[in-house]
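Commentary on secondary and tertiary structure
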Amino acid sequence: EAKDSFDERSEELFRSFITMLYNLVCRSLFEKDKLLFSLLLALKAQETDKQLNIVQMRCLMTGIPGTATEEQPDSAWLTSVSWARVCQLQPLGDIFDGFSESFKGQLAGWQDVFDSVFPLEVDWPANMKARCNPLQRCLILYALRPDSLVPGLQQIVVDKLGKVFLEPPPFDLAACFQGASPGIPLVFIVASGSDPMADITRLAESMDMLSKINPISLGQGQGPKAVKGVKDGSDPDGPGKWVLLQNCHLAPSWMPTLEGLVEKLEPDKLHPEFRLWLTACPSPAFPISVLQMGVKMTLEPPKGLRNSLNRAYLGIEEEWFETCTKPTEFKKMLFGLCFFHALILERRTFGALGWNIAYQFSEPDRDISRQQLKNFLDEFEGVPWKALNYMVAEANYGGRVTDSCDRRCISSILKDFYTPKILEEDYKFSISGTYFSPGVGNLQVYLDYIKSLPLNSAPEVFWLHNNANLTAAINEGMYNLRTGVELLGSFGGGGGGGDDDDDDVKAKKPEEIYSEIAAATVEKLPKSFDIEAVMRKYPVLYDQCLNVFLHMELGKFNRLLGKVRSTSVDLQLAVKGLVVFSPELEEVSNMFLVNKTPNAWLGVSYPCLKPLSSYVVDFLQRWKFCSNWVSSGLPSVFWFTAFFFQQAFLTGVMQNYARGTKLAIDQCIWNFTVLHPSNKDPEAPQYGAYINGLFLDGARWDEDRMVLTDSFPKVLWAEMPFIWLLPTTKSEDTKPVGKIYEAPVYKESARKGVLSTSGHHSNMIMFIYVPCDWQNGEDEDFWTKRGVGLITQTDD
């Protein structure tokens with residue numbers, strides 16, 4: 001449409017260009033990255049129009065760094081982390097002038113916002129929602145309700161670019177094909193469990209090229225075949241073929257050859273109907289030049305239980321489905337197997353509550369189990385429940401599972417589907433009763449039932465608490481911020497711009513920011529421990545092994561302290577040009593800018609997922625605990641979180657017991673007693689140790705019944721009371737088997753880790769046996785499927 005003025009014409013050109021850019025880029029992004037791309041476009045457009053407050057944007061992207069500067073008000077719903085973020089909003093100025101004082105005066109109103117299901121749809125105190133722009137609203141949401149951050153980020157996009165930038169265009173392979181040519185390859189970036197072959201086949205059929213597709217699956221020894229296929233398919237005197245090189249990520253050593261092959265494609269010397277198709281999972285080995293020149297597309301398997309079930313049943317042949325000798329058992333159990341497959345895939349959405357490690361379970365896993373089910377039912381007289389459970393949970397799927405707790409979880413989940421109860425008409429897969437194995441019928445009966453299922457599944461179908469949705473929402477929001485903060489270099493400095501030009505708060509240069517952080521860090525650091533003095537005060541004793549443990553821990557604290565101090569001091573000197581800006585200092589400065597803990601520190605540190613500002617505070621608290629131990633003697637209650645290597649502490653406590661009772665240490669095991677929360681200051685026990693600092697992830701402790709119970713709404717972590725680690729002998733073990741949950745204890749919330757050369761897990765510490773309400777169905781399997789664990793520290 002023609003425009004009369006230059007400004008209108010420029011705006012229309014900008015709108016057309018950015019829309020085209022969005023459509024082209026979106027087809028090469030996975031779903032998880034499309035919102036981030038839209039957000040970066042919106043923020044860049046705001047910066048171009050001088051509407052973006054760089055300081056506020058950086059504060060949001062870096063997670064509102066800093067600590068509380070005022071005393072926290074006494075309110076049960078307001079966490080210390082949220083209050084620290086509220087305090088750090090005030091220095092941003094503008095709408096946040098006097099915000100912390102105003103917040104304290106209107107706690108009830110802000111609690112209504114905290115308690116609301118959709119905080120962006122309710123009124124905020126002091127008309128704050130209307131007075132804030134979308135970026136400022138996101139800052140408040142991040143402080144109080146990080147689970148609602150994604151809708152806030154979407155509002156930034158809508159406000160600047162429009163709703164269309166939240167609605168990616170549907171995948172259109174024919175349109176993508178038009179952008180390719182004989183010399184420009186088509187690249188499919190695929191997620192595990194997806195295969196573009198069906199889409200390519202349909203396109204080829206519509207273009208009368210079905211007989212000219214030459215698929216080649218790359219792998220060992222397939223390189224020469226691929227080269228010959230490309231040469232023959234592109235021969236201008238040949239028939240002209242579509243050469244499909246599949247699974248390029250499986251042939252990393254051949255990728256340089258592929259790069260040279262593509263670079264030598266000369267359009268004038270190629271058959272006009274030749275096309276080179278490439279498929280690969282994301283891989284650093286894939287040639288960048290091929291990605292840059294190719295037409296890129298992504299393909300992901302359908303998300304959601306319903307879509308996964310539908311895909312499974314659409315791939316089943318009617319003849320195969322109807323030929324089992326035990327049709328009732330087969331059809332009931334087959335639906336259970338397909339449901340199991342969909343369920344374990346979707347559990348990955350919930351992070352560590354779902355799986356410690358996000359396994360790439362695939363359709364071949366399901367297909368092998370499906371055929372195995374039919375074979376077992378045809379060949380055995382009855383239903384071999386134990387054999388089927390073992391083959392699926394331990395072999396077909398379990399072969400991918402490397403974490404012991406995940407293996408326990410997958411076995412507990414499968415028992416809900418491979419069970420004689422599934423043959424009963426009233427057996428349900430979840431508490432709600434929405435999901436079950438339908439009555440025996442033909443394929444269409446199952447497809448109709450699948451279509452009747454909810455599009456979005458509630459956490460209860462995964463046996464997770466409703467808080468798991470909050471975890472998934474927070475993870476999505478944090479992913480966008482963590483990834484976006486790495487791209488902040490594309491945004492300029494200067495003032496806030498636009499309406500914020502009059503603000504006192506101006507964006508600082510990068511070197512000013514990390515110099516100030518380094519100086520503030522050095523100022524907080526204590527002196528190193530005098531290890532020799534400590535060894536004189538706490539010498540190596542036969543009957544007190546914790547003295548040796550203390551020496552080891554203080555040595556590790558000193559090493560970390562030395563690294564923190566040296567890098568922070570050297571960084572300030574490097575900015576002044578007094579020392580060389582080494583790669584290590586460059587990495588430290590970059591991490592300081594984005595509020596992340598430098599890898600140089602983490603290399604000599606305990607595992608920790610906290611951002612930089614919280615990491616320093618946490619480190620000083622751990623230091624203070626050990627300092628009090630040195631000055632005041634053995635504590636009556638040990639802060640379990642404080643240690644680098646908790647396993648050594650456990651060994652020391654157990655060794656004290658073994659030596660005190662004259663027992664062989666290999667005959668000793670642990671028993672556990674959870675103390676009542678009212679017991680705030682217990683005296684040190686004769687044997688064993690009281691510990692605190694543990695948090696329940698996925699549940700809470702019921703102090704009235706003294707058992708595990710479901711979490712409170714919106715409370716993701718619940719502090720555990722003091723626990724008595726009580727050594728005993730195997731013959732005197734008093735654990736009530738069947739009435740307890742074997743809760744894994746992790747150093748941090750990500751839970752995943754590796755086995756070290758010493759045989760210890762890098763993250764998991766031990767199992768603690770916790771009483772559970774087994775009489776009401778909340779037994780070990782229940783809490784295992786809930787993903788409940790204990791962690792020594794929370795994230796911010």
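Note: the structure precedes this text.
Scope of this entry: the structure provided in the associated data block. (Residues numbered from 1 in each chain as written. Predicted model: local features only at pLDDT ≥ 70, side-chain atom pairs only at ≥ 80, totals over all residues. Heavy atoms only, no water.)

**Quick word on the sheet that holds strand 3 (residues 242-246)**
Condition: Being paired, for any two strands, means DSSP has found at least two bridges between them. Strands are runs of DSSP state E lasting at least two residues, helices are runs of H or I lasting at least four, and both sets are numbered from the N terminus onward. Every axis corresponds to a line fitted to the C-alpha atoms, with the helix fit spanning only the stretch in contact, and the corresponding angles, defined between N-to-C directions, vary from 0 to 180 degrees. In what follows, residue pairs with any heavy atoms lying within 4.5 Å of each other are defined as contacts.
Taken together, the five strands give an open sheet; going across it, the order is 2-3-4-1-5, and neighbouring strands pair in parallel fashion. The strands lining the two open edges of the sheet, one partner per strand, are strand 2 (213-217) and strand 5 (295-299). When the angles between neighbouring strand axes are averaged without regard to direction, this sheet yields 20 degrees. With four bridges joining them, strand 3 and strand 4 (residues 275-280) adopt parallel strand pairing. Bridge pairing in strand 4 places Leu244 opposite Trp277. Sitting on the sheet, helix 12 (residues 223-234) is in contact with strand 2, strand 3 and strand 4, with an inclination near 160 degrees to strand 3.

**Topic: helix 12**
The line we're drawing: In a helix, the anticipated span is given by 1.5 Å times the number of residues less one. Only protein chains enter the calculation, and the probe is 1.4 Å; a residue is then buried if its accessible area is under 20% of its type maximum, exposed if over 50%, and partly exposed in between. For this quantity, the arc is that covered by the directions from the helix axis to the C-beta atoms.
Over its twelve residues, helix 12 extends 17 Å from the first C-alpha to the last, a length consistent with the 16 Å expected when each residue adds 1.5 Å. Along helix 12, the residues that are buried comprise Gly223, Ala226, Gly229, Val230, Gly233 and Ser234. Buried positions in helix 12, seen along its axis, are confined to an arc of 120 degrees and lie on one side of it. Turned more than 90 degrees away from the buried face of helix 12, the exposed residues are Pro224, Lys228 and Lys231. Among the structural elements, strand 2, strand 3, helix 13 (255-263) and strand 4 are those in contact with the buried residues of helix 12.

**A few points about a nonpolar patch on the surface**
Quick reminder of the rule: Like charges are joined within 9 Å and nonpolar side chains (Val, Leu, Ile, Met, Phe, Trp, Tyr) within 5 Å, but only among residues with over 30% relative accessible area and no salt bridge; these make up the patches. In this description, accessible areas are obtained by the Shrake-Rupley approach with a 1.4 Å probe, and a residue is regarded as covered only by the protein chains that are shown. Here, a salt bridge means any Lys or Arg side-chain nitrogen found within 4 Å of an Asp or Glu carboxyl oxygen.
A contiguous nonpolar patch, built from Phe17, Met20 and Leu24 and spanning about 310 Å² of accessible area, is present on the exposed surface. Mapped onto the elements, Leu24 comes out in helix 1 (residues 6-26). The exposure class assigned to Leu24 is partly exposed, which follows from its relative accessible area of 42%.

**Side note on empty space enclosed by the protein**
The criterion, for reference: As defined here, a cavity is a set of points on a 1 Å grid over the protein atoms alone where a 1.4 Å probe fits but cannot get out. A pocket is an open set with protein on both sides within 12 Å along at least five of seven lines, and residues line them when an atom is within 4 Å of a point. Grid points are joined across faces, edges and corners, and a volume is the space filled by probe spheres set on the points. Each residue is assigned to one class: nonpolar for Ala, Val, Leu, Ile, Met, Phe, Trp, Tyr, Cys and Pro, charged for Asp, Glu, Lys and Arg, and polar for all the others, Gly among them.
Taken as a whole, this structure holds three cavities of 30 Å³ or more when the rule is applied. The space that makes up the largest cavity amounts to roughly 110 Å³. What lines the largest cavity is a set of 17 residues, and nearest its centre among them are Asn356, Cys405, Arg751, Thr784 and Gly787. Elements with a contribution of two residues or more to the lining of the largest cavity: helix 20 (404-414) and strand 14 (740-746). Tallied by class, the residues present in the lining of the largest cavity amount to nine nonpolar, four polar and four charged. In terms of lining residues, the second largest cavity is bounded by Leu353, Leu464, His465, Asn467, Ala468, Thr471, Asp697, Gly698, Ser711, Val715, Leu716 and Arg786. Examining the composition of the lining of the second largest cavity, we find that three residues originate from one element, helix 22 (residues 467-485), more than from any other. Residue composition of the lining of the second largest cavity, by class: five nonpolar, five polar and two charged.

**Quick look at the nonpolar core**
Heads up, the rule is: In this description, a nonpolar core means a group of buried Ala, Val, Leu, Ile, Met, Phe, Trp, Tyr and Cys residues linked to one another through side-chain atoms lying within 4.5 Å.
If you look at the biggest cluster of nonpolar residues, it comprises 75 residues, and the most contacted ones within it are Phe649 and Ile768. Broken down by element, the residue count for this core peaks at ten residues, all from helix 25 (residues 546-575). If we ignore the near neighbours within four places in the chain, the residues touching Phe649 are Leu546, Phe549, Phe638, Phe640, Phe643, Ala689, Ile691 and Leu725. Residues Met57, Met61, Met128 and Cys132 belong to the second largest nonpolar core, which totals 59 residues.

**Let's talk about the packing of aromatic side chains**
Let me state the cut-off plainly: Within 6.5 Å between ring centres, the rings of Phe, Tyr and Trp (the latter by its six-membered ring) count as paired, and their orientation is classed by plane angle as stacked under 30 degrees, edge-to-face over 60, tilted in between. Either the NZ atom of lysine or the CZ atom of arginine qualifies as a charge over a ring when it sits within 6 Å of the ring centre and within 35 degrees of the ring normal.
The tally for this structure, following the rule as stated, stands at 65 aromatic pairs. The ring of Tyr769 is capped by Lys735, whose NZ or CZ atom sits 4.8 Å from the centre of that ring. A cation sits over an aromatic face here: Lys785 above Trp463, 4.2 Å from the ring centre.

**Describing the pattern of salt bridges**
Within this structure, the stated rule accounts for 33 salt bridges. Lys228 is the partner of Asp232 in a salt bridge, and the nearest nitrogen-oxygen pair spans 2.8 Å. Taken as a pair, Asp232 and Lys228 lie in helix 12 at a separation of four residues, close to a single helical turn. For Asp232, a relative accessible area of 38% translates into the label partly exposed. Lys228 sits in the exposed class, given a relative accessible area of 53%. Notably, a salt bridge pairs Arg705 with Asp773, separated by 2.7 Å at the nearest N-O pair. With a gap of 68 residues between them, Arg705 in the loop between strand 10 (700-702) and strand 11 (707-709) and Asp773 in the loop between strand 15 (764-771) and helix 30 (780-785) connect regions that are remote in the sequence. In this structure Arg705 comes out as partly exposed when scored by relative accessible area, which is 41%.

**Considering the side chain of Lys747**
We count it as follows: Positive charge is attributed to Lys and Arg, negative charge to Asp and Glu, and no charge count is given to His or to the chain ends.
Looking at the secondary structure, you find Lys747 in the loop between strand 14 and strand 15. No salt bridge is formed by the buried Lys747, whose closest oppositely charged neighbour, Glu553, lies at an N-O distance of 8.2 Å. In contact with Lys747, not counting residues within four places along its chain, are Pro607, Phe644, Phe645, Gln646, Gln647, Ser762, Asn763, Ile765, Thr792 and Gln793.

**Quick notes on the packing of helix 1 against helix 2 (residues 31-48)**
The line we're drawing: Angular relationships are summarised with four words: roughly parallel below 35 degrees, roughly antiparallel beyond 145, roughly perpendicular across 65 to 115, and oblique for the angles in between. Helix crossings get a hand from a simple test, with the near helix turned counterclockwise from the far one by less than a right angle marking a left-handed crossing and a clockwise turn marking a right-handed one.
Close contact between helix 1 and helix 2 brings their axes to 11 Å; oriented N to C, the two are set at 160 degrees. Classed by the angle they form, the pair helix 1 and helix 2 counts as roughly antiparallel. The interaxial crossing formed by helix 1 with helix 2 has right-handed handedness. Contact residues: helix 1 offers Phe14, Ile18, Leu21, Tyr22, Val25 and Cys26, while helix 2 offers Lys34, Phe37, Ser38, Leu41 and Ala45. Tallied by class, residues from the contact of helix 1 with helix 2 come to nine nonpolar, one polar and one charged.

**A few points about the sheet that holds strand 7 (residues 668-674)**
Spatially, 6-8-13-7 is the arrangement adopted by the four strands of the open sheet, whose pairing is mixed. With partners counted over all chains shown, the strands left at the sheet margins are strand 6 (637-639) and strand 7, one partner each. Adjacent strand axes in the sheet meet at a mean angle of 35 degrees when their direction is disregarded. Two elements, strand 7 and strand 13 (residues 723-729), share seven bridges in a ladder whose sense is antiparallel. Paired with Phe672 across the strands is Leu725, a residue of strand 13.

**Observations concerning the layout of surface pockets**
Of the voids in this model, the second largest pocket is the one considered here, and its volume is about 1200 Å³. Sort the elements by how many residues they give to the lining of the second largest pocket and helix 23 (residues 510-524) lands first, with seven residues. When its residues are assigned to classes, the lining of the second largest pocket shows 22 nonpolar, twelve polar and seven charged.

**As for helix 20**
Just so we agree on the cut-off: Distance and chemistry together define a polar contact, namely a pair of N or O atoms within 3.5 Å, with one atom able to donate a hydrogen and the other to accept it when in protein, and with adjacent residues in sequence counting only for side-chain atoms on both sides.
Counting buried positions along helix 20 yields nine of eleven residues, so the element is predominantly enclosed. Residues Cys405, Asp406, Arg408, Cys409, Ile410, Ser411, Ser412, Ile413 and Leu414 constitute the buried set of helix 20. Among the structural elements, helix 17 (327-346), helix 19 (385-396), strand 14, strand 15 and helix 30 are those in contact with the buried residues of helix 20. Among the residues of helix 20, the N-terminal cap falls to Asp403, whose side-chain oxygen and the backbone nitrogen of Cys405 are separated by 2.9 Å.

**Some words on the pairing of strand 2**
Residues in a regular strand point their side chains to alternate faces of the sheet. The sheet contact formed by strand 2 and strand 3 spans five bridges and is parallel. Counted as the bridge partner of Asn214 is Val243 from strand 3.

**As for the pairing of strand 1 (residues 186-190)**
Counting buried positions along strand 1 yields five of five residues, so the element is predominantly enclosed. Both faces of strand 1 are covered, namely the face carrying Leu186, Phe188 and Val190 and the face carrying Val187 and Ile189. With five bridges joining them, strand 1 and strand 5 adopt parallel strand pairing. Its bridge partner lying in strand 5, Phe188 is registered against Met297.

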